[in-house]
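# Geometric and topological summary
Each chain, letter by letter, is given below.
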Amino acid sequence: MSLPNWRGVFPAVTTQFNEDLSINLAETQRVIDGLIRDGVHGLIIMGTVGENNSLEPEEKRQVLAAAKEVTAGRVPVITGVSELTTPRAVAYAKDAEKIGADGLMLLPAMVYVPTEEELFRHFAAVAGASALPIMLYNNPPAYRVDISVPLLQRLAEIPTIVALKESAPDTRRFTDLANAIDETKMMLMAGLDDVALEGLLLGAKGWISGLTNAFPKESVALYDAVVAGDLAKARAIYRWFLPLLHLDARHDLVQSIKLAEQVMGRGSERVRPPRYILEGQTRADVIAMVEKAAATRPSL
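Residues numbered from 1 in each chain as written. Predicted model: local features only at pLDDT ≥ 70, side-chain atom pairs only at ≥ 80, totals over all residues. Heavy atoms only, no water.

Moving on, we come to the nonpolar core. Trp6, Leu43, Ile45, Leu136, Leu152 and Leu155 are the most contacted members of the largest nonpolar core, which totals 101 residues. Of all the elements, helix 10 (residues 231-245) adds the most residues to this core, at 7 residues. Here Trp6 is in contact with Pro76, Ile78, Asp102, Gly103, Pro133, Ile134, Met135, Val162, Ala163, Met187, Met189 and Lys205, once residues within four sequence places are set aside. (Core = buried A, V, L, I, M, F, W, Y, C linked by side-chain atoms within 4.5 Å. Buried < 20%, exposed > 50% of the residue type's maximum accessible area, 1.4 Å probe, protein only. Helix = DSSP H or I, 4+ residues; strand = E, 2+ residues; numbered from the N terminus. Contact = heavy atoms within 4.5 Å.)

Below you can see the structure in the form of structure tokens.
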């Protein structure tokens, strides 16, 4: 399989809820349409920020179908595959292909911490379940397992595994991975907002982003500046953006990003338990950060 054209800024889209916390598909579609109109290059549907593990199986299929409907082929739609067991992940991968997803973002099985061989078998089983291209997701702080370089070398030999979202905070990984894995077999994507510029400069082809939900135009401008080689502009945008980008590395990143989205008039902060909306000083601090960023946003 040739590598897909997954380049640019891919926001991890939020899932929108009604007051009773049922899914609001119309609002989710409005959020998606707004991001596309503001220039993003692709979408991650039901990643961490999309609260994948807070959705029921049928809800996941409904959200994906709604995303495909409103996107209407304008940008690629990649769906998160985040399940407790390998059979559930296989079933979702098959259904995602039928619904029309353009790719899968595949996570380790949730809760259980696997051995390296178990991790390989999980990824290989899902890869064998459909013909869709797959982006693996490495996030050791969140999921307590690190996809090692030797394991990635093995996985890169599976034809449908074509990309890696790298969310380890150590930026040395980008160069180690570039040296170890044939770039014609697996592309790298920056996956942690507050090392996104570093990842792009070190060879990542795109940025899977949380805070793009609140500031999509600035996110796209940052990527465009890197591609154009305008590092002065890229640094200026990044320095303005970084206080907010740090929110993506917190345990309450979903609530923080959805609050930022709400402050900017783009979506609702509602989240499903076990998450709850931010309160007290934490909430006030995030609102102040977003309002300051909005008031000082760079000229693009």
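Let's pick the thread back up.
Okay, the side chain of Glu218 next. Relative to the helices and strands, Glu218 is located in helix 9 (residues 216-228). Given a relative accessible area of 4%, Glu218 falls into the buried group. At 2.9 Å, the side chain of Glu218 and the side chain of Arg297 are in polar contact. Look past the residues within four positions of Glu218 in its chain and what remains in contact with it is Ile237, Trp240, Arg297, Pro298 and Leu300. (Polar contact = N/O pair within 3.5 Å; in protein donor to acceptor, adjacent residues only side chain to side chain.)

It is at 10 Å that the axes of helix 11 (residues 253-263) and helix 12 (residues 280-295) come closest, and there the two elements cross at 50°. One finds that helix 11 runs oblique with respect to helix 12. The element helix 11 and its partner helix 12 pack so that their crossing is right-handed. Across the interface between the two elements, Ser256, Leu259, Ala260, Gln262 and Val263 of helix 11 pack against Arg283, Val286, Ile287, Val290 and Glu291 of helix 12. Residues of the contact of helix 11 with helix 12, tallied by class, amount to 6 nonpolar, 2 polar and 2 charged. (Axes fitted to C-alpha atoms, helices over the stretch in contact; angles between N-to-C directions. Parallel < 35°, antiparallel > 145°, perpendicular 65-115°, else oblique. Left-handed = near helix turned anticlockwise from the far one by under 90°. Nonpolar A, V, L, I, M, F, W, Y, C, P; charged D, E, K, R; others polar.)

A word on helix 3 (residues 86-99). The α-helix advances 3.6 residues per turn, and as a result positions three or four apart in sequence lie on the same side. If you check helix 3, its first and last C-alpha atoms are 20 Å apart, about what 14 residues at 1.5 Å a residue would give, namely 20 Å. Among all positions in helix 3, only Ala89, Val90, Tyr92, Ala93 and Ala96 are buried. Each buried residue of helix 3 sits inside an arc of 165° when the element is viewed along its axis, so together they form one side. Set apart from the buried face of helix 3 by more than 90 degrees, the exposed residues are Pro87 and Lys98. For helix 3, the capping residue at the N-terminal end is Thr85, with a side-chain oxygen 3.2 Å from the backbone nitrogen of Arg88. (Expected span 1.5 Å × (residues − 1). Arc of directions from axis to C-beta.)

Without other data, these values stay purely geometric and don't point to any function.
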